[in-house]
Amino acid sequence: MLFETTIRTFLGQKAYHIASQAHSEKARVQWYRKVFKKIVKQVQTIDASAKHKEQLEYFSNQLLELVKGRHFNEQLFSLYLLRFTGTLLGYLSLRGSCLATPTYFQTPSQYYTQAMFSGGDTMQDYYDSHSATGVRLRLVAQLKDEGLNDFQISLVLNISEYEVKKLRAEL
């Protein structure tokens, strides 16, 4: 089951009921290939220093090449997987020192997807956006009372001056 749940972490329902394939090297390698294709694409979107990104791309591509090859070397695969994991965690040198700090966050769409997967309301994003608009309205009014003009309010809220004027029109 660990094989199936690990692959499903990346591929979702496409990997449903594959636990029995864990005993076949050929099947395992095919699933690994699908996972590492996805990993290589995602590594390209990571915001990191040039050297860090270069190492991430190198090790993820090495893993993909290993599962594309004719003869699968599980020991080499395990070692490259450890190096890739270490690089993800910021271990960029051979001196055992962590030289980068990973930072993780959720985009709004990821947050609401997680909420839905946890049994939350599918309309939560709608409710939250209306709640946020109410907070913005109160902030605009408060900042206006403090003597800020529309441009200054737009800087504080990181929105356009036009949006500030639209919000003030709702007051």
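About the cut-offs
- Residues numbered from 1 in each chain as written.
- Predicted model: local features only at pLDDT ≥ 70, side-chain atom pairs only at ≥ 80, totals over all residues.
- Heavy atoms only, no water.
- Salt bridge = Lys/Arg side-chain N within 4 Å of Asp/Glu carboxyl O.
- Helix = DSSP H or I, 4+ residues; strand = E, 2+ residues; numbered from the N terminus.
- Buried < 20%, exposed > 50% of the residue type's maximum accessible area, 1.4 Å probe, protein only.
- Core = buried A, V, L, I, M, F, W, Y, C linked by side-chain atoms within 4.5 Å.
- Expected span 1.5 Å × (residues − 1).
- Contact = heavy atoms within 4.5 Å.
- Axes fitted to C-alpha atoms, helices over the stretch in contact; angles between N-to-C directions.
- Parallel < 35°, antiparallel > 145°, perpendicular 65-115°, else oblique.
- Left-handed = near helix turned anticlockwise from the far one by under 90°.
- Nonpolar A, V, L, I, M, F, W, Y, C, P; charged D, E, K, R; others polar.

(A) Layout of the pattern of salt bridges. On inspection of all chains with the given rule, the structure shows 4 salt bridges. With its nearest N and O atoms 3.5 Å apart, the salt bridge here joins R8 to E4. With R8 and E4 both in helix α1 (residues 2-11), this residue pair falls 4 residues apart, about one helical turn. Overall, E4 belongs to the buried group, its relative accessible area being 3%. Put simply, K144, D150 and R168 are held in one network by salt bridges that share partners.

(B) Representation of the nonpolar core. Counting residues in hydrophobic clusters, the biggest one holds 23 residues, and the most contacted among them are I7, W31, Y32, F36, V67, F77 and F84. Elements with a contribution of two residues or more to this core: α1, α2 (25-43), α3 (50-68) and α4 (74-88). Per-element tally for this core: the top contributor is α2, with 8 residues. If you look at the next biggest cluster of nonpolar residues, it comprises 8 residues, including L137, L143, I159 and V164.

(C) How the structure looks around α2. For α2, which comprises 19 residues, the first-to-last C-alpha distance of 26 Å matches the rise-based estimate of 27 Å (1.5 Å per residue) to within 8%. By the burial criterion, the buried members of α2 are A27, R28, V29, W31, Y32, V35, F36, I39, V40 and V43. Each element contacted by the buried residues of α2 is listed here: α1, α3 and α4.

(D) The arrangement of unusual backbone geometry in detail. For H17, which is not glycine, the phi dihedral falls at a positive 65°. Among the secondary structure elements, H17 is positioned in the loop between α1 and α2. Positive phi is not limited to glycine here, since N158 has a value of about 55°. Position of N158 among the secondary structure elements: in the loop between α7 (150-157) and α8 (161-170).

(E) Inspection of the packing of α1 against α2 at higher detail. Viewed as axis vectors pointing N to C, α1 and α2 meet at an angle of 30°, and their least axial separation amounts to 10 Å. As the angle between them shows, α1 and α2 are arranged roughly parallel. α1 and α2 meet at a crossing whose hand is left-handed. Residues F3, I7, F10 and L11 of α1 form the contact with α2, whose participating residues are R28, W31, Y32, K34, V35, K38 and I39. Each residue belonging to the contact of α1 with α2 can be placed in one class, and the counts come to 8 nonpolar, no polar and 3 charged.

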